[in-house]
Amino acid sequence: MKHLLSLLTLLSVSFTAFAQHTITGEVEDQMGETVPGATVILKDNPTIGTITDLDGKFVLESPKANPVLVISFIGYATQEVATEEKKTVKIILHEDNQLLDEVVLIGYGTQRKGDVTSSVASVKADNFVKGSVKDVGQLIQGKVAGLAITNPSGDPSGGTQLRLRGTNTIGGANTNPLILIDGIPGDFSTVAPEDVESIDVLKDGSAAAIYGTRGTNGVILITTKAAKGSDINSVEYNGYISTSTIAKKLEMLSASEYAALYPDQNKGFDTDWQDEITRVPVSHVHNITAMGGNTKTNYIANINISQRQGILKRSNFDSFQGRAEINHRLFDDKVKLKFGILGKKTEANNTGSGGYDGYIFSQATRRNPTEPVKNEDGSWYENTSKFEYENPVSKIYEVDGNRKRTTLRMNGSITYNPIRDLTLQAVGSYERQNYNNGYSETLEHISSLRDGLSGWTTITASTSMEKLLELTARYEKEIKGHKFSVLGGYSYNETDYEEVYVNNYGFQDDYFGGWHNIGIGSALKDGLAGMSSSKATTNLIGFFGRATYAWRNRYLLMGALRYEGASQLWGTDNAWGLFPSVSLGWRLTEEKFMKNISWLNDLKFRAGYGVTGSQPSRSFLGVAMLKYGSYAYSNGSWIQTIVPASNANPDLKWEEKKETNIGIDWAVLDSRLSGTIDFYNRDVDGLIYEYAVPTPPNLYNTTIANGGTMRNRGIEILINAVAYRSKSFEWNTTVTFSYNKNELVSLNGSVFKTEYDYFNTGQVEYSGQVTDSHRVQVGESIGNFWGFKVVDVDDEGRWIYEDRNGNLVNYTDFTHAADDKKVIGNGLPNYYAGWNNTFTYKGWDLGITMRGAFDFQLINSARMNYENAKNSRFENRLTSVSDLVFGKHTLSKEVEPEFNSYYVEDGDYWKIDNISLGYNFGALGKYVKSLRLYGSVLNAFTFTGYKGIDPEVSTDGLTPGYDTRFRYPSTRSFTIGLNVKF
Amino acid sequence: MKTSIKIWSLGVLAATTLVGNTACTELLDESYSQVVSEKYSPTNDADISYLVNAAYIPWRQTMLLWNGVVRSEELCADQDVIPARLGIGWVDGYIYKRWHQHVWTTEDDGVLQGWERTFEGINTCNRLLSQIEDGVIGVTGEAKTELVSELKVLRASYYYILCDLYGNVPIVTDFKDTNLPQQSTRKEVYDFIVREITENIGNLSETARGYYYGRFNKWAAYTLLAKMYLNAEVYAGTAQWNECIAACDQVINFAKSSGEYGLESDINAPFLTENENSKEIIFGLPFDEVYVTDWNAFDFHMYTLAPENQDTYQLKARPWGGVCAIPQFIDTFDPDDQRLADWYITGQQYSYAGDSLFESTTGVPLDYPNVVPSIDESYPYQGYRWGKFEYAIGITNRLSNDWPQFRYADVLLMKAEALMRAGKPGAGALVTEVRQRAFGANPAKAVVSDADLNAGSCYDYGRRDTYSTAHEGGADIKYGRMLDELGWEFCQEGRRRQDLIRFGVFTTKSWFSHDASDATKNLYPIPNKIMLTNSNLKQNPGY
């Protein structure tokens, strides 16, 4: 194709012109590789030009002697070079670090990065985390300042959690960010990570306000790969195989150590229970993308197959998905049609009715290591008399669980440009998910042996539907340095959810029953089986508009407005809300007085303010609702009573986030060093929460209401640098840093008033007991741990407490009164940092991603449960059970497990998260356009003082920092992969 | 050009559709499993009974759900204990130990549950009364008068629990008053209860059974009133013995004239699985393993039996029992008392087929002795187990026996105690009548005189565990023998604390691993969680 083009150009030139000057040249990149397909034009006469051939060479005829050439190519900085007669020019293109012309997604449209006035971060495929990533979220872990993505478990069917700019709601409203995949709502697992081209994050309120309601927790725009550019016909294969190890085992007592400590309990065997439930897993992923067509009609088709094994036995997660997109232009390119279809099937093993049973890991850690896995007769070794004590290996094998999710998403759009500057667009999508979960336990399962639930079986089936229609009209115009655009639109989103659940037990044997034949259990006949179904629908309707204006790229302005209604607020007085935003930018480097400062390539100040809203997560909270209550006995028969469902709150309204963002974008030294700094202040008013209220006068002891105000203030810094660059070696480095200070400003809303300026929440569990774990208090940050403070032990190893007045109190005198609890830590990290490096040397590339979180504490539940000398259930203990507490004495056997400050540890960590080393063979032979082989490690090293498995735990909601002993252990994974392009 | 006109008209069509079609601008308001209250209008008797019966459910919940009133009344008293069970647990953050030793905290679950679940009953009554008042519940005339009175007495009955446990609680009667409730004194609460019952009792039905089983008819209301008068001295500072006697007589006279109520000749009859027709039950809380499915709805078998006893009763679930009788209390029984033999599970245990059972972790025979070493340490097989309620063969983890909250024997013994305390004769005969059923083989032993009842208690109080042993005895307890009689007859029925307080024993004596506490422990504290939602509440003294 390229040859043909060059030829044509040459021909046309030679026939029409005479007295021509021939210029020959060669285009290379910094690494000395030739650049085919680069555009070469004459500066004076842009209509004359050519493109480089496969060897990067070009020949151009110029009507004038010694013309100035302009050479451009996607991804590289455009260059101008002067030429000399009869001399071959050699042009070395540099990668484009001046990203101002890069296009950034801003919601219902794009903007030149240089014109952006709000806080938007963009990560391209080159910079993604490489290796065995679980979902799209993990691709940008540590890459976006202010976006904390945590991977709290090693469960292959689990996902990542994310939090943008701190904790912004206290639980009653939607907490998820809006994730749009090519403009259509979805989540991090909707598309395969390998199918993603770029990810844009709209961080501040002025950027997200165009999405109104759903934008409060940030907007993440995922762009999938698409057919574009000149090199349109290609097939690409990405594949990898990976394995993993447990990142860190809990150091439990060995059989001999346990037997020495509890000789009565020695059963004479030697079992490492953590080894018994884990394995060396092998996972592989294959991704094939084909694209082709021409500028009028083109397509992309993608198939992704993954089979993942978890570190725990029988925890598998398989997925198969395909996506196809067709673009078609007609009527002189005035109308563009796009059709997309996405189909996906995932399948996973269950060891519990809902997923992987976290109890298995905790049973493996607590279990007596001198007990065997099986009896001599081959049956499982169980002890049905011990409370909460179940053979973890039997719990893995004596179940048959399977959950499948099938997703079908169809979307399409029509774009019409009646005149050049006006774009009318209609986008529609329809997504349907079917979920089927069947789960059965055998007659050898502990539930049969102990609980009489012989063959406990459940079936869950659900269907969820989401449809979206968005109509937009956009007008853009540039008149003499005045560039402006206007956007208006309408959005309708509807969801429908239906679920059926059945359980049964009382199966005679393991042959005929199970979830494939649930009806034959006797519990159904006895009236003891369970059955339920439900349905819920919601919709969200928005009208929105946006205007942007820029004068000579120097003064920039954007304003947006969204008017939105949510069905969750139906029945309240405030179902519709108005969400405005405005932002301004000033490009100093475009000012005349700055033109002389040559080292400064770009300097822009931005300031924005935006309001976004969140609706409550439940519907019908504004009106009194009735539901069926318990059964009552009346006149000889049992009847279903009818009771109110909740406290009605007609004053309920949108939770509103008001955010101010001030930022600076800068680039210096030929843009080799660039970055952004953002300062923000987010005030969330009318916090929706299920507040504790007195009964009476209330019917229920909680009401969902709009309470007080939460504030998050912070700073985010991003620095990009080309740290070193030579012909063959380049080192690029990116540093991200963020600081966030969370503060609950008030708990009182405009209507709803709380009694006190604090409440307790969360649960810590020790020996089967639970107590509040966290306190939420006005003037404090979310995430405060609330418990007893111990400062020492006495000569017998019993706690010495610090009471409410700061006095030291002995164990026997301490009453464990509620008033003696204190703030003993905080689970929300205040600082996050990331440092990403890529090194390229000839064909080699090495990527090292590091990230960390600082200034927070964790509740170590494993230590709280397994470090007590008192062991009335004779469970296993951590080896640290014999450590001296406070360096003084081992803990007394008199002391019962409890939640106190001794089990709160600093959680600061720095992870060398991802190391990947690849070699790019370039084009090979006739058919292979490029080939890259790589190896990578994920979760490679963790530097931390924390004693638990992994300091990276859930930071969700009001109860961050609780490291539960039931969590699926974190893993370190090793991957070898291959990318080939044909 | 033609094409672009087409497309323009398409756009106009789209815009018109959007504005014209309200479906594009209206919020969805369809609810599927619940109903918006305004759309539901109850009219017929059945509808009304679906609504009204909801007000009774908190009674069974507050008594018997996990850490409910039964535990609040028993685990702090001298008959029952949950000691730590080696290998099983039952330490649970020392909550049972704190109960036993009277050092509960304001955050203890047992302190909270009695409050929350009971107030739920009050709330429901207030809501229904308000709905009847507003005509939302379509009931009129005499039926309305009766229903209103029934709900008021029911509300008073919930206040009886609160008055007993917490004393100083807010009295709330107006459902529409959304102000934070003000606290009342225990005496005010007592007066309120008595007033509510006496003002409304005349409107209540006299029907004993059928529709009125498990509801407040006139006789359940008189029994409640008798309970209030019996405890009047504790609750309000002034004894009301004669009023108590009069209330009891109302029930006794009706029982005798109608034959609807009376003593069962078999002591076990009120506690059987199918006990809903027992004439001894005046106010019962109905249970059924299929219909009452709350976790721990009524699970004495799970709660007291050792795991191996699963085979004895062919239970669906393996019990994890902990609670047992305090050996000192067992020692007070006359060896010929059938109530000891029938109401406690003792000695060697057998499978349903008759084979001896062995404790599975230690291999020793499962043979319950009347021995419990201490609150901190005991083997799963130690101590006598609760066996008053029948454990039906093959049941789930929930019992189907109804809970006899008020029973006829209680009316007789209330009258006996009131007669004795009022210095009137006749107590001995009443007590004898109740005892006769338990001494069928030795009728002579059943007989007690008024003078006998005036004697002290035969309970040998004093610390009695591996840590310390003392013999304080019970001879100094005024009317101690009467207290003993109550203990024998009403063991395992969730009321011992109330009796001990009335006889002045609760905080003054020691038993098992419990030392005498102080008088402030006669009331539970207001739960911390509740204090946090209402700044008008003042904590009870001593907490």
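Worth saying up front: this structure is predicted, and the values here are computed from it rather than measured. (Residues numbered from 1 in each chain as written. Chains lettered and ligands numbered in written order. Predicted model: local features only at pLDDT ≥ 70, side-chain atom pairs only at ≥ 80, totals over all residues. Heavy atoms only, no water.)

Student: Hey, could you go over the overall build of chain B for me, with residue numbers and the actual values?
Tutor: Looking only at helices and strands, one finds 22 helices and 11 strands in chain B. Each principal axis of the C-alpha atoms in chain B carries an extent, and together these give about 110 × 60 × 45 Å. Taking the intrachain contacts of chain B between residues at least 6 apart in sequence as the baseline, contacts between residues at least 24 apart amount to 70%. For chain B, the accessible surface area stands at approximately 19,000 Å², while carbon and sulfur atoms represent 51% of it. Placing the 48 positive and 72 negative side-chain charges of chain B at their respective mean positions leaves the two points 3 Å apart. (Helix = DSSP H or I, 4+ residues; strand = E, 2+ residues; numbered from the N terminus. Contact = heavy atoms within 4.5 Å. Areas by Shrake-Rupley, 256 points an atom, 1.4 Å probe, with all protein chains shown as cover. Lys, Arg positive; Asp, Glu negative; His and termini not counted. Charge placed at Lys NZ, Arg CZ, Asp CG, Glu CD.)

Student: Run through the packing of aromatic side chains, naming residues and quoting values.
Tutor: Enumeration over the complete set of coordinates arrives at 80 aromatic pairs over all chains. On the numbers, 6.0 Å between centres and 70 degrees between planes, the contact of B:Trp66 with B:Trp320 is edge-to-face. Residue B:Trp66 is located in the loop between helix H3 (57-64) and helix H4 (69-74), and its partner B:Trp320 is located in the loop between helix H13 (310-313) and strand E4 (324-325); the two are separated by 254 residues in the primary sequence. By relative accessible area, which is 27% here, B:Trp66 ends up partly exposed. Residue B:Trp320 is classed as buried on the basis of its relative accessible area of 16%. The ring of A:Trp273 has A:Arg367 lying over it, and the distance from NZ or CZ to the ring centre is 5.1 Å. The positively charged end of B:Arg71 is found above the aromatic ring belonging to B:Trp66, 4.0 Å away from the centroid. (Phe/Tyr/Trp six-rings, centres within 6.5 Å; stacked < 30°, edge-to-face > 60°. Buried < 20%, exposed > 50% of the residue type's maximum accessible area, 1.4 Å probe, protein only. Lys NZ or Arg CZ within 6 Å of the ring centre and 35° of its normal.)

Student: Tell me about the interface of chain A and chain B, and please be specific about residues and values.
Tutor: Each partner contributes residues to the interface: chain A has 83 residues there, and chain B has 84 residues. Between chain A and chain B, roughly 7,100 Å² of surface is buried when both sides are summed, and carbon and sulfur atoms account for 62% of that area. In this structure, the connection of chain A to chain B is made through 1 salt bridge. Residue B:Glu107 pairs with A:Lys821 through a salt bridge whose shortest N-O separation is 3.3 Å. One can count 18 residue pairs in polar contact (both at pLDDT 80 or more) joining chain A with chain B. At 8 residues, the largest contribution of residues to the side of chain A that touches chain B is made by strand E30 (residues 625-634) of chain A. Along the lines of polarity and charge, the residues of the side of chain A that touches chain B split into 45 nonpolar, 24 polar and 14 charged. Across 2 bridges, E30(A) lies against strand E1 (residues 35-36) of chain B in antiparallel orientation. In the sheet register, A:Leu626 faces E1(B), and the bridge partner there is B:Val35. (Buried area = accessible area lost by both parts, 1.4 Å probe. Salt bridge = Lys/Arg side-chain N within 4 Å of Asp/Glu carboxyl O. Polar contact = N/O pair within 3.5 Å; in protein donor to acceptor, adjacent residues only side chain to side chain. Nonpolar A, V, L, I, M, F, W, Y, C, P; charged D, E, K, R; others polar. Pairing = 2+ DSSP bridges.)

Student: Talk me through a nonpolar patch on the surface; I want residue IDs and the actual numbers.
Tutor: All names here are of chain A. Residues Val 235, Ile 288, Ile 303, Ile 305, Phe 320, Tyr 927 and Phe 982 make up a contiguous nonpolar surface patch of roughly 640 Å² in combined accessible area. For Ile 305, the position within the fold is in strand E19 (residues 297-309). Using a relative accessible area of 34% as the deciding quantity, one classes Ile 305 as partly exposed. (Patch = residues over 30% accessible without salt bridge, like charges linked within 9 Å, V, L, I, M, F, W, Y side chains within 5 Å.)

Student: Pulling in residues and values, what's your account of the pairing of strand E52 (residues 930-944) of chain A?
Tutor: Residues and elements named next belong to chain A. Where strand E51 (residues 909-920) lies against E52, 11 bridges are found, and the strand directions are antiparallel. Among the inter-strand pairings, Ile 912 is bridged to a residue of E52, identified as Phe 941. Pairing analysis gives 9 bridges linking E52 to strand E54 (residues 971-981), with the strands arranged antiparallel. Bridge assignment links Ser 930 to a residue of E54, and that residue is Lys 981.

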